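Single-letter residue listing:
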Amino acid sequence: MKGNVIKYARDNIDTDVIIPGQYLKVHDYAELAKHAMEGLDPDFHSKVKEGDFILSGRNFGCGSSREHAPIALTHSGIKAVLALSFARIFYRNAVDGAFLLPIEIDQDAYSDIAEGDQIDIDLKSNQINNLTKNKTYKMKPFSDIIGKIIEAGGLFKYKPD
Amino acid sequence: MNITEKILARASGRQRVAPDDVIFANVDKVMVHDVSGPGVIKVFDKLKKQGINVDKLWDPTKVWVAEDHFVPSADKMSAENVIKLSNFTKNYGIEKHFKYGMGQYGICHTLSHEEALVLPGEVYVGGDSHTNTTGALGSFACGLGHTDVAYVLLNGKIWFKVPHTLYFKLNGKLPEHVMAKDFILKIIGDISTEGGAYKTMQFGGSGISEMSVESRLTMCNMTTEAGAKNGIVEPDQKVVDYLTSRGAKNITLVHGDTDAEYEKIYEYEGSEMEPLVAKPFSPENIAIVREAPSVELDKSYIGSCTGAKYEDLEAAAKILKGRTVKIRTEILPASISIYKRAMENGLLKIFLDAGATVGPPTCGACCGAHMGVLAKDEICISTTNRNFPGRMGHVDSQTYLSSPLVAAASAVTGKITDPRDLK
C-alpha cells in the first residue's frame, strides 16, 4: 500500500474537527468527504489525493461516536491513518466498517516521516518503508481479532471462530 | 472479578473473563437516535446490496429510539432525517420511539435513566459516545458507531475486548459548592483525555455513596472525555429506589467480588475538591475557578445530557433566584419529564425572572449543530462535556466547561465565577 503523507503534528485530533457537528445530518458519503478535516485544515479537501495517508500524534479520533469521521476521511481518498494512538470508537468504526486502516506507529516513525513523504505500508511484515527518505519503521501489528476483521473486510463479513 | 467483568462474563456465557479477553457479549438494550439511526439505515442499505438479509431485527422490544440531535429541525435535511427515523421504527416494529412534540422526549442518555430503560447488570450499547452515562445505574454502558449498532440490531451481540479497570475512590462528601461535574473534570485533568482509553472507569468510596444517582450519571457521562470504554458505579438502594419510582421491576443488582482486581486505584478527598473549569480547547485543560482567566463571557449554556438533569437545574436555580443575568443565558432541560418538574417546582419562573431563556430539550447547541451556535470569537461557559475547536459553533469560538453552579454564577457576573464569590 503506497501513498503520500499528509502530516498533522499534534495530539488529540478530535471528531469535531474531522467532521464538524453541523454535518452530522449528512449521510451522503461524497458530500461528507467535501468537509473532512474542515475544523482544522480547510485546504484538506483540495490537497488530498486518492491513496494518501494521514500521519498524526496521540489519541487520534477522540470525541464522538460519529462514523461520519472515518467515512469522510475514507471517501476523501485516505487509505490509512498512522498515529501514535487512537481513540477507541474511531478505531472500532474504521475497522468494523471496513473504512481506512488505523495503524499505530512509534515515536521514531512519527518524528521522522514528513509531510509529502512517499511511504509503503507492508502489512505482512508490519513495516513502513519511507521511499522518500529510504528508511524503514515498525508498525504495531493488529491484535488477533482486529487483524481477522480487517482481513474479512469488516465486521459483517467476519465469522467468529 | 469486578462489576464490569462480572457483567461481561454473564453476557458472554462464561464463568470468568479477564482483561484483554475478546468476547462476544449478548446485548440487553440498544439505542439509536436521529444521527446514528440514519447512519444505521445507510449501513442496512449497503448490506442489502451485498445480499445480507436486513428484513428483521433480532429483538425490536430491546431497542429504543430518541429524537434529540436535530429537533426541533432547523432545516429540510434535519427534518428528513427525523422522518427517516420514524419510517425505520415503523418498518421494524420498534415501539419505544420518543418523538419530539409528542409527550416525553429528550436527550437519549437522559431518557435511559428518566424512563428506566436500562437496568443494573445489563449490557447496554448505543449509537452515541456518551452512552457511558448509564453505567451510573450499575450497567455496562458503552457507545458504538453505526456499523456496530447495525450489527447489534441484526445479531443481538457484539465483540468487546474486556477492559482493564481504573478505580476512582472519593473519600467523604463533596462540599456544598462543588458538584460531580467538578470531580470528573478534576479526574480528567489528572489522567488526561487519553488516560482512560479503552478502559473502565469505576467510581466508589463514601463520597460516591453519598452522591445522588444524577450526580453519578454526570461522573459516568464524562468518562467518554477520558477515552473510556465505560464508566460504572456499583448499584445501591438509591439506584433501586430511583428506577423503581420510574416503573422498573425485577431489578437484580450485580456487584464486584471482594477480591476484585483493578489496574490502578486513585484516591481523592471530598473536602479538598474545588469548583473547576476546563478551558478551551480540551476537557483536560483544567483550572480552579478562582484562578481562571478573567475573560468577558458572551453566553452561559445550561443544557445537555451532562448538565441539564433535574438537580443541575435546581443548582442553577439556587444561584439565579432573585438575581439577573448579565450575559445571554440559555437553559434547556434534558427531557420533557425534567422540564415539567422544573415548571411544577417553580424553577422555570426563577430562570425567566432572571432573564434567561428556557428552550426545549435538544443536543443542538452542545454539538454546534443548531439552536444557539457560537459566532466567531464568542466565549461561552457551558455545562456540557466537550470544548474542542468548533464544538459549539465557529472554530474560533471558545467554550469553558463547568458545573451548573459555576455556569449560573458566571451568567450573573459575565465572568467565570466561583458560586461562593457571588454577592
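Everything numeric in this text was worked out from a predicted model, so none of it was measured. (Residues numbered from 1 in each chain as written. Chains lettered and ligands numbered in written order. Predicted model: local features only at pLDDT ≥ 70, side-chain atom pairs only at ≥ 80, totals over all residues.)

**Regarding the overall build of chain A**
What counts is decided by this rule: Here a helix means four or more residues in a row that DSSP labels H or I, a strand means two or more in a row labelled E, and each is numbered from the N terminus. Note that the radius of gyration is over C-alpha atoms, with the globule rule given as 2.2 Å times the number of residues to the power 0.38.
In terms of helices and strands, chain A carries 7 helices and 7 strands. Along chain A, from the amino end to the carboxyl end, the secondary structure elements read β-α-α-α-β-α-β-α-β-α-β-β-β-α. On C-alpha atoms alone, chain A measures out to a radius of gyration of 15 Å, which is about the 15 Å that the 2.2 N^0.38 rule sets for 161 residues. The principal-axis extents of the C-alpha atoms in chain A amount to approximately 45 × 40 × 25 Å.

**What to know about the overall build of chain B**
Basically, it comes down to this: Three exposure classes are used, all based on how many other C-beta atoms lie within 10 Å of a residue's own C-beta (placed from the backbone): buried at 20 or more, exposed at 12 or fewer, and partly exposed between those limits. We call two residues in contact if the C-beta atoms placed from their backbones are at most 7 Å apart.
Each helix and strand in chain B was counted, giving 14 helices and 18 strands. Its C-alpha atoms give chain B a radius of gyration of 21 Å, within 12% of the compact-globule value 22 Å for 423 residues. For chain B, the residues scored as buried account for 58% of the 423 residues in total. The contacts of chain B with a sequence gap of at least 6 include a subset with a gap of at least 24, amounting to 76%.

**Some words on the confidence of the model for chain B**
The following threshold applies: As a per-residue measure, pLDDT reflects the predictor's confidence and takes values from 0 up to 100.
When pLDDT is averaged across chain B, the result is 98; 100% of the residues are at 70 or more. Interface scoring of the predicted complex returns ipTM 0.98; its pTM is 0.98.

**Some remarks on the sheet that holds strand E9 (residues 200-204) of chain B**
All names here are of chain B. For clarity, the cut-off: Should DSSP find at least two bridges between two strands, the strands are regarded as paired. Axis geometry follows a simple rule: fit a line to the C-alpha atoms, using only the stretch in contact for helices, then measure angles between N-to-C directions, giving values from 0 to 180 degrees.
Here 4 strands make up an open sheet; going across it, the order is E10-E9-E8-E11 and the pairing parallel. A single partner strand is all that each edge strand has here, and the edge strands are strand E10 (230-233) and strand E11 (264-269). Between one strand axis and the next, the sheet turns through 20 degrees on average, direction left out of account. For E9 and E10, the ladder comprises 4 bridges, and the chain directions are parallel. If you follow Phe203 over to E10, its bridge partner there is Val233. Along the sheet face, helix H1 (residues 3-11) touches strand E8 (165-171), E9 and E10 and points at about 110 degrees away from the line of E10. Where helix H8 (residues 213-221) meets the sheet, it contacts E9 and E10, and its direction lies at approximately 155 degrees from that of E10.

**Examining the nonpolar core**
In plain terms, the rule: Remark: nonpolar core denotes a set of buried Ala, Val, Leu, Ile, Met, Phe, Trp, Tyr and Cys residues whose joining runs through C-beta atoms within 7 Å. Marked domain ranges trace back to an automatic or database domain assignment.
Counting 185 residues, the largest nonpolar core has Val81 of chain A together with Val125, Ala316 and Ala408 of chain B as its most contacted members. Two domains share this core, each providing at least three of its residues, namely domain 1 (3-268) and domain 2 (278-421) of chain B. Beyond its immediate stretch of four places on either side in the chain, Ala408 of chain B contacts Ile302, Ala316, Ile319 and Leu320 of chain B.

**Structural notes on the packing of helix H2 (residues 36-49) of chain B against helix H3 (residues 76-92) of chain B**
All names here are of chain B. To keep things clear, this is the line we draw: Rotating anticlockwise by less than a right angle from the far helix to the near helix defines a left-handed crossing, while the corresponding clockwise rotation defines a right-handed one. Each residue is assigned to one of three groups, with Ala, Val, Leu, Ile, Met, Phe, Trp, Tyr, Cys and Pro labelled nonpolar, Asp, Glu, Lys and Arg labelled charged, and all others, Gly among them, labelled polar.
Relative to each other, H2 and H3 sit at 65 degrees, their axes nearing to 9 Å. The way H2 lies across H3 gives a crossing that is left-handed. Residues Gly37, Pro38 and Ile41 of H2 pack against Asn81, Lys84, Leu85 and Phe88 of H3. Tallied by class, the residues present in the contact of H2 with H3 amount to 4 nonpolar, 2 polar and 1 charged.

**With respect to unusual backbone geometry**
Here Val71 of chain B and Pro72 of chain B are connected by a cis peptide whose omega angle stands at -15 degrees. Residue Pro280 of chain B is joined to Phe281 of chain B through a cis peptide bond whose omega torsion reads 0 degrees. Examined against the element boundaries, Phe281 of chain B turns out to sit in the loop between strand E12 (276-278) and strand E13 (286-288). Phi angles above zero are rare outside glycine, and Asn59 of chain A is one such case at about 60 degrees. Checked against the element boundaries, Asn59 of chain A lands in the loop between strand E2 (53-56) and helix H4 (68-74). You will see that Asn250 of chain B, though not glycine, has its phi angle at about 55 degrees, which is positive. Relative to the helices and strands, Asn250 of chain B resides in the loop between helix H9 (237-244) and E11.

**Section: the interface of chain B and chain A**
How big an interface is tends to be reported as the loss of accessible area on association of its parts. At the junction of the two partners, chain B supplies 40 residues and chain A supplies 31 residues. Looking at the side of chain B that touches chain A, the elements with two or more residues in it are strand E1 (22-26), H2, H3 and helix H5 (146-155) of chain B. Of the residues assigned to the side of chain B that touches chain A, the class counts are 18 nonpolar, 15 polar and 7 charged.

**Comments concerning the pairing of strand E7 (residues 157-161) of chain B**
Residue and element names in this part refer to chain B. Judged by which residues are buried, E7 turns out to be one-sided: Ile158 and Phe160 face inward and are buried, whereas Lys157, Trp159 and Lys161, on the alternate face, are not. Across 5 bridges, the pairing between E1 and E7 is antiparallel. Residue Ile23 lies in a different strand from E7, and its bridge partner there is Phe160.

**Some remarks on the pairing of E11 of chain B**
Residues and elements named next belong to chain B. Sparse coverage of E11 is indicated by the burial of 0 of its 6 residues. Pairing geometry for E8 and E11, over 6 bridges, is parallel. Paired with Tyr167 across the two strands is Ile265, which belongs to E11.

**Here's the deal with the packing of helix H11 (residues 310-320) of chain B against helix H14 (residues 404-413) of chain B**
All names here are of chain B. Stated precisely, the cut-off is as follows: Roughly parallel means an angle under 35 degrees; roughly antiparallel, over 145; roughly perpendicular, 65 to 115; everything else is oblique.
In contact at an axis separation of 8 Å, H11 and H14 are set at 30 degrees when each is read in the N-to-C sense. Classed by the angle they form, the pair H11 and H14 counts as roughly parallel. Judged by the sense of rotation from one axis to the other, the crossing of H11 with H14 is right-handed. Where H11 approaches H14, its residues Asp312, Ala315, Ala316, Ile319 and Leu320 are matched on the opposing element by Pro404, Leu405, Ala407, Ala408, Ala409 and Val412. In the contact of H11 with H14, the residues fall into 10 nonpolar, no polar and 1 charged.

**Details of H8 of chain B**
Because the α-helix completes a turn every 3.6 residues, residues three or four places apart line up on one side. For H8 of chain B, a buried count of 8 out of 9 residues is recorded, marking the element as mostly surrounded by other parts of the structure. The complete set of buried residues in H8 of chain B reads Val213, Ser215, Arg216, Leu217, Thr218, Met219, Cys220 and Asn221 of chain B.

**Topic: the domain arrangement of chain B**
All names here are of chain B. Splitting chain B by domain gives domain 1 (3-268) and domain 2 (278-421). Taking only C-alpha atoms into account, the centre of domain 1 sits 24 Å from that of domain 2. Across the contact, 35 residues belong to domain 1 and 37 residues belong to domain 2. Broken down by secondary-structure element, the contributors of at least two residues to the side of domain 1 that touches domain 2 are helix H4 (108-114), helix H6 (180-191) and H8. Among the elements that line the side of domain 1 that touches domain 2, the one with the most residues is H6, at 6 residues. Counted by class, the side of domain 1 that touches domain 2 contains 12 nonpolar, 16 polar and 7 charged residues.

**Some remarks on the environment of Asn91 of chain B**
Tracing the backbone shows Asn91 of chain B in helix H3. Sequence spacing of Asn91 of chain B and Lys56 of chain B is 35 residues, and the spatial spacing of their C-alpha atoms is 9.1 Å.

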